[in-house]
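# An overview of the molecular structure
Single-letter residue listing:
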Amino acid sequence: MDGDIILVIVIVTALAFDFTNGFHDTANVVATAISTRAVAPRAAVAFAAILNFIGAFLSLEVAATVGKAIVEADAITPTIVFAGLVGAIAWNIATWWFGLPSSSSHALIGGLVGAAFAAKGPDAILGEGLLGKVVIPAFVAPILAFLVAGLSILLVYRIVGRLRPGPVTRGFKAGQLLSGGLLALSHGTNDAQKTMGIITLALVAHGDIPADDFHVPFWVVFASASAIALGTYSGGWRIIKTLGTKIIKMDSAQGFSAQGAGAAVILAASHAGYPLSTTHTISGAVMGAGAAKRLSAVRWGVAGNMVLAWVLTIPAAGLIGGASYGLTAIFGDGAIGPVIVMTLLVISLSVVFAKRAEGKHA
């Protein structure tokens, strides 16, 4: 009975994380289109939410990586998964509060690794998978997006440089609807799958799915797609401002190039099964689109703060995940520990959002 209660708590917490992933990462998808006035903010968010939902059904390679290639599935319990999710949600909320576009994906992986390490020690961590599937792509993806966006904007300027600005701007604003749609689709394809992998890992730990027959049930896909779409529609406006205006002041051509570069890198990673940070990727693309025009166009101080948040994400979420597991373990193996921690999490989130609401009306 306790195992069933813990599983329900894990599923609810995983979908809550998926929701926070959506509103935390909304900026990845819509910030460039909003900042160039290619589309109105609320319409951009609604468009992104729909395509996030559709994108979640396109592939399951990333879900398999999260569920099988980072931690030993046989060593994981639902309580460990729950503690990892708490670590991820806590870090997502903290970085959202400060307007830092950190990685929800790495927060989730960091929280899971931290909780597994605290519970089972280093043998529960698949170091090769963590390095090859997470750490190396974390460095390569933003650099690749930076280069692709930079080369793209240089090519674009060479093609349209002598044309009349008015028609060119209108054309690229229309193009941003296409590139932004691809970016939203790629975000749903990559990010929603991480929650699918986590829930499926919990089902394996609970005994509902054999460890040697890892597969994602349809209801998990649908629930994860719905949660990230709802989160996206809620909108993370603080991070949208940081990503859309504080790194560079971009024109519509730069927005088109950044969105296209980000979408291309993320879709390729999803096909290969890499749980990529969409935040890192689109941020790298935005910087590349700005730096190719002129280096001084990028506000490198803001970019440096973002890089610091990226570096801290996995260890910080891991520490919170490990601490969350330690707190639940105090109360034994039953459901009481997760219930208490979940209650504390809900209370904390309520306080955070209440303060945020007070700030808006002050």
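This structure is a prediction, so every number in the text was calculated from the model and none was measured.

### Quick notes on a nonpolar patch on the surface
A cluster of nonpolar side chains, namely Leu131, Ile136, Phe139, Val140, Leu144 and Val148, defines an oily patch on the protein surface of about 540 Å² accessible area. Here valine 140 shows up in helix 6 (residues 127–160).

### Comments concerning the packing of aromatic side chains
Across all of its chains, the model carries five aromatic pairs by this definition. Here a set of aromatic residues connected by ring pairs shows up, and it is made of Phe53, Phe57, Phe218 and Phe222.

### A word on the nonpolar core
Formed by 60 residues in total, the largest nonpolar core has its most connected members in Val71, Val81, Leu85, Met196 and Ile198. Top contributing element to this core by residue count: helix 4 (residues 78–97), with eleven residues. Apart from the residues within four sequence positions on either side, valine 81 is in contact with Val10, Ile76, Leu112, Ile198, Leu201 and Ala202. By size, the runner-up hydrophobic cluster in this structure holds 15 residues, among which are Ala141, Ala258, Ala269 and Ile282.

### A closer look at the pattern of salt bridges
For the structure on display, the rule yields one salt bridge. Across the salt bridge formed by lysine 194 and aspartate 191, the nearest N and O atoms sit 2.8 Å from each other. You can see lysine 194 and its partner aspartate 191 sitting in helix 7 (residues 165–206), three residues apart, about one turn around the helix. Grouping residues by exposure puts lysine 194 and aspartate 191 together as buried.

### Some points on the packing of helix 3 (residues 61–68) against helix 7
It is at 7 Å that the axes of helix 3 and helix 7 come closest, and there the two elements cross at 40°. What the angle tells us is that helix 3 and helix 7 run oblique. Classified by chirality, the crossing of helix 7 by helix 3 is right-handed. Between helix 3 and helix 7, the residues in contact are Glu61, Val62, Ala63, Val66 and Gly67 and Asn190, Gln193, Lys194, Met196, Gly197, Ile198 and Leu201, respectively. Split by residue class, the contact of helix 3 with helix 7 holds six nonpolar, four polar and two charged.

### Quick word on the environment of isoleucine 153
Among the secondary structure elements, isoleucine 153 is positioned in helix 6. As a C-alpha pair, isoleucine 153 and alanine 258 span 105 residues in sequence and 8.3 Å in three-dimensional space.

### Notes on a negative patch on the surface
Together, Glu72, Asp74, Asp123, Asp212 and Asp213 make up a negatively charged patch on the protein surface. Counting through the fold element by element, aspartate 74 comes out in the loop between helix 3 and helix 4.

### Thoughts on helix 6
Across its 34 residues, helix 6 extends 48 Å between first and last C-alpha, which sits within 8% of the 50 Å expected from 1.5 Å per residue. In the structure, helix 6 departs most strongly from a straight axis at proline 137, where the bend amounts to approximately 45°.

### Here we look at the environment of isoleucine 282
Mapped onto the elements of the fold, isoleucine 282 is located in helix 11 (residues 278–293). The class for isoleucine 282 is buried, based on a relative accessible area of 0%.

### Things to note about helix 5 (residues 104–120)
Between its terminal C-alpha atoms helix 5 stretches 24 Å, which fits the 24 Å expected from 17 residues at 1.5 Å a residue. Where burial is concerned, most of helix 5 is hidden: 13 out of the 17 residues are buried. Directly beyond the C-terminal end of helix 5, a positive phi value near 85° is found at glycine 121.

### Re the side chain of threonine 232
Residue placement: threonine 232 occurs in helix 8 (residues 218–234). With relative accessibility at 1%, the residue threonine 232 sits in the buried group. A polar contact is formed between the side chain of threonine 232 and the side chain of asparagine 52, at a distance of 3.0 Å. A polar side-chain atom of threonine 232 sits 2.8 Å from the main-chain carbonyl oxygen of isoleucine 228.

### Describing the side chain of threonine 281
Position of threonine 281 among the secondary structure elements: in helix 11. Given the relative accessible area of 0%, threonine 281 is considered buried. For threonine 281, the side chain forms a polar contact with the main-chain oxygen of serine 277, separated by 2.8 Å. If sequence neighbours within four positions are ignored, threonine 281 has contacts with Ala141, Pro142, Ala145, Gly262, Val265, Ile266 and Leu276.

How each quantity is defined
Residues numbered from 1 in each chain as written. Predicted model: local features only at pLDDT ≥ 70, side-chain atom pairs only at ≥ 80, totals over all residues. Heavy atoms only, no water. Patch = residues over 30% accessible without salt bridge, like charges linked within 9 Å, V, L, I, M, F, W, Y side chains within 5 Å. Areas by Shrake-Rupley, 256 points an atom, 1.4 Å probe, with all protein chains shown as cover. Salt bridge = Lys/Arg side-chain N within 4 Å of Asp/Glu carboxyl O. Helix = DSSP H or I, 4+ residues; strand = E, 2+ residues; numbered from the N terminus. Phe/Tyr/Trp six-rings, centres within 6.5 Å; stacked < 30°, edge-to-face > 60°. Core = buried A, V, L, I, M, F, W, Y, C linked by side-chain atoms within 4.5 Å. Buried < 20%, exposed > 50% of the residue type's maximum accessible area, 1.4 Å probe, protein only. Contact = heavy atoms within 4.5 Å. Axes fitted to C-alpha atoms, helices over the stretch in contact; angles between N-to-C directions. Parallel < 35°, antiparallel > 145°, perpendicular 65-115°, else oblique. Left-handed = near helix turned anticlockwise from the far one by under 90°. Nonpolar A, V, L, I, M, F, W, Y, C, P; charged D, E, K, R; others polar. Lys, Arg positive; Asp, Glu negative; His and termini not counted. Charge placed at Lys NZ, Arg CZ, Asp CG, Glu CD. Expected span 1.5 Å × (residues − 1). Bend = angle between axes of the 7 residues up to and from the residue. Polar contact = N/O pair within 3.5 Å; in protein donor to acceptor, adjacent residues only side chain to side chain.

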